[in-house]
Amino acid sequence: MRSTTRTLALALAGVLLAACGHKDKDAPLAFAPADTPYAVANLDVLDDGTRSALLAQANAQLPAELVQLRASADSMAAKDPDTANLIRAFAKELDGKTIEGFAQNAGLDLKGRSALYGLGLAPVLRFQLSDAGAFEAFVGRLEAAYGKKLDVASVDKQSYRRHLLPATGTQLILAVVGKQAVAAILPADAPQPLLRQALGLDRPARNLQDDGRLEKLAKDRGYQKWAVGELDLGRALPLAASGKDPLFGALFKARAQAESAKTGEPVANQLQIPPGCQADAVRIASRVPELSFGYTRLEARHQDMRWNVSLASDITQAFDGLKVDLPGLGSSQPGSPFEFFLGLPVAQLRTFWTAQADAVTAKPFTCPALADLNDSFAKLGPSMQKAAIPPFGDLLGVALSLDSFTPAAGNAMPQFTGRLVLGTGNPAGLLAMGQMMTPALAQVKLADDGKPVALPPTLSGMFNQPAWMAMGTKSLGLGVGAGEDAKLADALKAPIGNAGQMLRMHLSGQMYLDWVTLMQQKADSLGAAAVALGKDEAGSPDDQAEKAANEARTKAQFDAMRAQASRVESIDAEIHVDSQGLVVNSQTTLK
């Protein structure tokens, strides 16, 4: 569902990307509590050209997302047919439209302000409307496609529509409040105070807009103000573990009821949450207090994002100053259409994870729900000891660079040229082990000078093209394809990782498109094989219809992926650890 998440993020960003410099007492963030455990909102406005480019990308992915929506509806139809029908109705409303066209027909203001936040754990989405009447008409069309009216209720003369979700013990509410639309997921029996606050009839004592938490976060993390998001695990995890949050309580009870129907275990027994669970939640949150994200650059052709994972100081201190000795990890410019460099400093990782395992062993989690986590850490200690055994214990990292990649017909192996480099504290030992396992490799004599040596035909023949190996002081590399000997020599001299750097990746648009083509070929091949195996079993008409629908969904998904890949010039990513935590930077350049 990563494609779905990305498209929804783009579409939501398109809605979010507008704001005024002054503080509006009726702005969406003015309804969000200052202590909300999560929030996503726009803090500034985009120019029209950039907004259009962003929406164009979402439009390109929309057909595949409609397929996903309908597939979700099909998967839940047996257990929750009403919700499945509502999802199909929403998909029908989007079908054949652009995001802009849908927004106009639904009265949504793409230049307005919006925010997603939690009342406790219950999500509330508020967005400004350009035409409240158009939004009401949209809901009417939704009801017509759904086949029946949504339930209507009111609080202090404020009406709202509701759709019950019996499988989860929750309800979706929709309302027009002033010039804003409100959508929220609440417990089916939501208490009046929660319902009133979700509708905005009661305001929080201190709101997120006045608190300025997101503005400070954007400044500290280097986010631009177009769309900023935060998940405060220090608030969210203890809230869930306390058993006092209304939404979590509804979900927990629905799960207990379903389990009781299967096993006969009384619901009341399952709803007991030991006091130690909240303490354990606080303990976990202290290790990973916060997740946040924001755009660092957003233009017509450039979409750069940053994700931050806050970590406890002992975690950051273990890695933020570490320079992983993997050639190419610290390069600033890509040299191949695809590059993937991953730091795996096993010695440091062993020390870190052994300490974590020892800490949990000395003080296990007491919450029954975390019993598996205790078991995992109990097994982790011995595993880390085994990880010290060469050659794995000497590993520093791995790098793969592809200069060409050509999908082959049928089940044939794709043709490629490129390089594989292993960072290791003992390259000679790794080579010697390889020579013991592959006698033909014993003919290859390498010095740690980085000079490539051609592989004998018995080995290069596996690739149907020339191949070389080379060894550096802390690296061992393989080059495959004409001209890769010179590139391999340069690869072993490339800069090692910067302080705290753990990953670097580059992917060209053409390579991305080639990979989509390969995946589609494999999917078609598997489909053809399945047809061949079942040719004597025609199946029922319903089975045949389901099979045809699945094939149509798969084709639509690949068509959308190809359309998206055709618009991409390059995708880059980099991950490092600094004094505050883990930082993930991504850059997407469009044609």
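Further up the page is the structure itself.
This is a predicted model, so every value here is computed, not measured.

About the criteria used
Residues numbered from 1 in each chain as written. Predicted model: local features only at pLDDT ≥ 70, side-chain atom pairs only at ≥ 80, totals over all residues. Heavy atoms only, no water. Phe/Tyr/Trp six-rings, centres within 6.5 Å; stacked < 30°, edge-to-face > 60°. Lys NZ or Arg CZ within 6 Å of the ring centre and 35° of its normal. Salt bridge = Lys/Arg side-chain N within 4 Å of Asp/Glu carboxyl O. Helix = DSSP H or I, 4+ residues; strand = E, 2+ residues; numbered from the N terminus. Buried < 20%, exposed > 50% of the residue type's maximum accessible area, 1.4 Å probe, protein only. Core = buried A, V, L, I, M, F, W, Y, C linked by side-chain atoms within 4.5 Å. Contact = heavy atoms within 4.5 Å.

Asker: Would you take a moment to explain the packing of aromatic side chains for this structure?
Answerer: We describe a pair of aromatic rings using the distance from one ring centre to the other and the angle between the two ring planes. All chains considered together, the criterion is met by 10 aromatic pairs. Here the aromatic cluster, defined as three or more aromatic residues joined through ring pairs, consists of Phe90, Phe102, Phe127, Phe135 and Phe138. In this arrangement the basic side chain of Arg126 is found over the ring face of Phe31, its NZ or CZ atom lying 3.7 Å from the centre. Between the NZ or CZ atom of Arg203 and the centre of the ring of Phe31, over which it lies, the distance is 4.0 Å.

Asker: For this particular structure, what's the right way to read the pattern of salt bridges?
Answerer: Side chains that carry opposite charge are capable of pairing whenever their charged atoms lie near each other. Across all of its chains, the model carries 28 salt bridges by this definition. The closest approach of N and O atoms between Lys474 and Asp325, which form a salt bridge, is 3.8 Å. In this pair, Lys474 is assigned in the loop between β15 (467-472) and β16 (475-480) and Asp325 in the loop between α13 (313-319) and β11 (338-343), connecting sequence segments 149 residues apart. On the basis of relative accessible area, Lys474 is assigned to the partly exposed category, the value being 37%. Looking at Asp325, the relative accessible area reads 24%, which means it is partly exposed. Asp490 is the salt-bridge partner of Lys493, the closest N and O atoms lying 3.9 Å from each other. Connected through salt bridges with shared partners, the residues Glu136, Glu143, Lys149 and Arg161 form a single ionic network.

Asker: In this structure, what is going on with the nonpolar core? I would like to understand it.
Answerer: The tendency in soluble globular proteins is for nonpolar side chains to be buried as a group. With 34 residues, the main nonpolar core has Leu29, Tyr117, Ile173, Leu186 and Leu214 as its most contacted residues. Those elements that place two or more of their residues in this core are β1 (38-41), β2 (114-119), β3 (122-128), β6 (170-177), β7 (180-187), α6 (192-199), α8 (213-221) and α9 (233-242). Ranked by residue count, the leading element in this core is α6, at 4 residues. Once you skip the residues sitting within four places of it in the chain, Leu186 turns out to touch Ala122, Thr170, Gln171, Ile173, Leu194, Leu195, Ala198 and Leu247. Ranked by size, the runner-up nonpolar core spans 26 residues in total, among them Leu66, Ile99, Phe138 and Ala183.

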